[in-house]
Amino acid sequence: QVQLVESGGGLVQPGGSLRLSCAASGRIFSIEAMGWYRRGPGTERELVADINSGGSINYADSVKGRFTISRDNAKNTVHLQMNSLKPEDTAVYYCNGKIVRRLGFPTFNYWGQGTQVTVSS
């Protein structure tokens, strides 16, 4: 089994900062990419940011310049530093991992349970 466990959500005022963390554990051969998605009230899940094993990063246009994703390959962890938060960033944030469990196995998508981020005064 593979588990992704998130931490770091909460309530913050507009303009504030939060740092999300996600740790992957279990039987893991390799992690091709890790990232963060979010689903806001009445919206579909969207990519926030992801980073692959080579360090290539994608950001949603709405978070560029405010959010920073980082990854520790040795610890199978990914972090999302969120600065200058806005009310429209309010959402449940989900950690995603594109993981190969064994050599020769296909890549599967794994998801964390989600962590709530609320930006409000």
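Everything below is about the structure printed above this text.
Below is a short write-up of the structure. (Residues numbered from 1 in each chain as written. Predicted model: local features only at pLDDT ≥ 70, side-chain atom pairs only at ≥ 80, totals over all residues. Heavy atoms only, no water.)

## What about the overall build of the protein?
Move 1: Assigned secondary structure in the protein consists of 0 helices and 11 strands.
Move 2: Moving toward the C terminus, one meets the helices and strands of the protein in the order β-β-β-β-β-β-β-β-β-β-β.
Move 3: For 121 residues, the compact-globule estimate of 2.2 N^0.38 gives 14 Å, and the protein sits close to it at 14 Å.
Move 4: Its C-alpha atoms give the protein principal-axis dimensions of roughly 50 × 25 × 25 Å.
Move 5: Scored against the burial criterion, the 121 residues of the protein give a buried share of 41%.
Move 6: In the protein, 57% of the contacts between residues at least 6 apart in sequence involve partners at least 24 apart.
Move 7: Just so you have it, the protein exposes about 6400 Å², and 47% of that area is on carbon and sulfur atoms.
Move 8: Side chains of the protein carry 13 positive and 9 negative charges; the gap between the two charge centres is 7 Å. (Helix = DSSP H or I, 4+ residues; strand = E, 2+ residues; numbered from the N terminus. Rg over C-alpha atoms; globule rule 2.2 N^0.38 Å. Buried < 20%, exposed > 50% of the residue type's maximum accessible area, 1.4 Å probe, protein only. Contact = heavy atoms within 4.5 Å. Areas by Shrake-Rupley, 256 points an atom, 1.4 Å probe, with all protein chains shown as cover. Lys, Arg positive; Asp, Glu negative; His and termini not counted. Charge placed at Lys NZ, Arg CZ, Asp CG, Glu CD.)

## Some points on the pairing of strand E3 (residues 18-26)
Move 1: Bridging between strand E1 (residues 2-7) and E3 involves 6 bridges; their strand directions are antiparallel. The residue of E3 that forms the bridge with Ser7 is Ser21.
Move 2: Sheet topology note: the E3/strand E8 (residues 77-82) ladder contains 6 bridges and is antiparallel. Bridge assignment links Ala23 to a residue of E8, and that residue is Thr77. (Pairing = 2+ DSSP bridges.)

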